[in-house]
Amino acid sequence: MKVSYLHGLESPNYGPKVDWLNEKFDTTFVPKMDYNSKTVFKEALEGCKGSSLIIGSSMGGYFAYLIGQHLRIPTLLFNPAVVSRNFDPIVELPKKGRTKNTVYLGKNDNVIKGSKIKKYFSNEGVGSFKYYTYDGEHRVPEKVFIDAISETLKIKESRVYSFESYHSAFPYFK
């Protein structure tokens, strides 16, 4: 199974979340996103082809939503920047649409208010939307990220220890 993950504006395309994706799935597409590039949307669109799920966080959530509509692939969006963006990157609005979108919103997100995201999707959204909230802010905790993907794709094992947490949980390996 292939999944694609589009990170947020100031986030990297590596770390424990990406390590988990690479371990769990046969194929992953996790590009370094330069949202100021004129070609980043087309490159991401091409790379997401063949995915079973497109995951996106913040600005990556905005891209994931649009790309999911273009390709008719379900999306998992974390605090998507469909509103309240600092700038408008070059994107292509979808012509097809009608896909399934699962949206996670941080209860204490001060960057993008969940109520504004819901209002946008209610007025302008294409496809179906299912909403969840989590205790947290804009940056998505690793556990929320992993559990959301596991629930969306019905993966039984939902928690993989990072190197640091594994060694603190099992001190006899030190």
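In the block above lies the structure referred to throughout.
Everything numeric here is computed off the predicted structure, so don't read it as measured data.

(A) Representation of the overall build of the protein chain within the structure. Per the secondary structure count, the protein chain includes six helices and six strands. When the helices and strands of the protein chain are read in sequence order from the N terminus, they spell out β-α-β-α-β-α-β-β-α-β-α-α. Counting every position in the protein chain, which comprises 174 residues, the buried fraction comes to 47%.

(B) Seen up close, the packing of aromatic side chains. One pass over the full model with this rule turns up 13 aromatic pairs. In this structure an aromatic cluster arises from ring pairing among Tyr5, Phe78, Tyr104, Tyr132 and Phe145. Across the ring face of Tyr62, the terminal group of Arg85 is positioned such that the distance to the ring centre comes to 4.1 Å.

(C) Region of the structure containing the layout of surface pockets. The computed volume of the largest pocket comes to approximately 610 Å³. In terms of lining residues, the largest pocket is bounded by 25 residues, among which Gly8, Leu9, Glu10, Ser11 and Arg139 are the most central. A per-class count over the lining of the largest pocket returns 12 nonpolar, eight polar and five charged. A volume near 220 Å³ is recorded for the second largest pocket.

(D) The nonpolar core, seen in detail. In this structure, Leu6, Phe63, Ile67 and Ile117 are the most contacted members of the largest nonpolar core, which totals 27 residues. Secondary-structure elements contributing two or more residues to this core are α2 (40-48), α3 (59-71), β5 (100-106) and α4 (114-124). Sorting elements by how many residues they give to this core places α3 first, with seven residues. Counting residues in each nonpolar core, the second largest holds 20 residues, with Val18, Phe25, Leu53 and Phe78 among its members.

(E) The arrangement of the pattern of salt bridges in detail. Scanning the entire structure with this criterion turns up six salt bridges. Among the ionic pairs, Lys154 bridges to Glu151, the shortest N-O distance being 3.0 Å. Note on Lys154: relative accessible area 61%, which makes it exposed. Classification of Glu151 as partly exposed rests on a relative accessible area of 46%.

(F) Representation of α4. For α4, every residue scored as buried is listed here: Gly114, Ile117 and Phe121. End-on view of α4: buried residues confined to an arc of 60 degrees, all on one side of the axis. Away from its buried face, by an angle of more than 90 degrees, α4 presents the exposed residues Ser115, Lys119, Ser122, Asn123 and Glu124. Looking at the packing, one finds that the buried side of α4 touches α3, β4 (75-78), β5 and β6 (128-134).

Reading the values: the criteria
Residues numbered from 1 in each chain as written. Predicted model: local features only at pLDDT ≥ 70, side-chain atom pairs only at ≥ 80, totals over all residues. Heavy atoms only, no water. Helix = DSSP H or I, 4+ residues; strand = E, 2+ residues; numbered from the N terminus. Buried < 20%, exposed > 50% of the residue type's maximum accessible area, 1.4 Å probe, protein only. Phe/Tyr/Trp six-rings, centres within 6.5 Å; stacked < 30°, edge-to-face > 60°. Lys NZ or Arg CZ within 6 Å of the ring centre and 35° of its normal. 1 Å grid on protein atoms, 1.4 Å probe; cavity = no way out; pocket = protein on both sides within 12 Å on 5 of 7 lines; lining within 4 Å. Points joined across faces, edges and corners; volume = space filled by probe spheres on them. Nonpolar A, V, L, I, M, F, W, Y, C, P; charged D, E, K, R; others polar. Core = buried A, V, L, I, M, F, W, Y, C linked by side-chain atoms within 4.5 Å. Salt bridge = Lys/Arg side-chain N within 4 Å of Asp/Glu carboxyl O. Arc of directions from axis to C-beta. Contact = heavy atoms within 4.5 Å.

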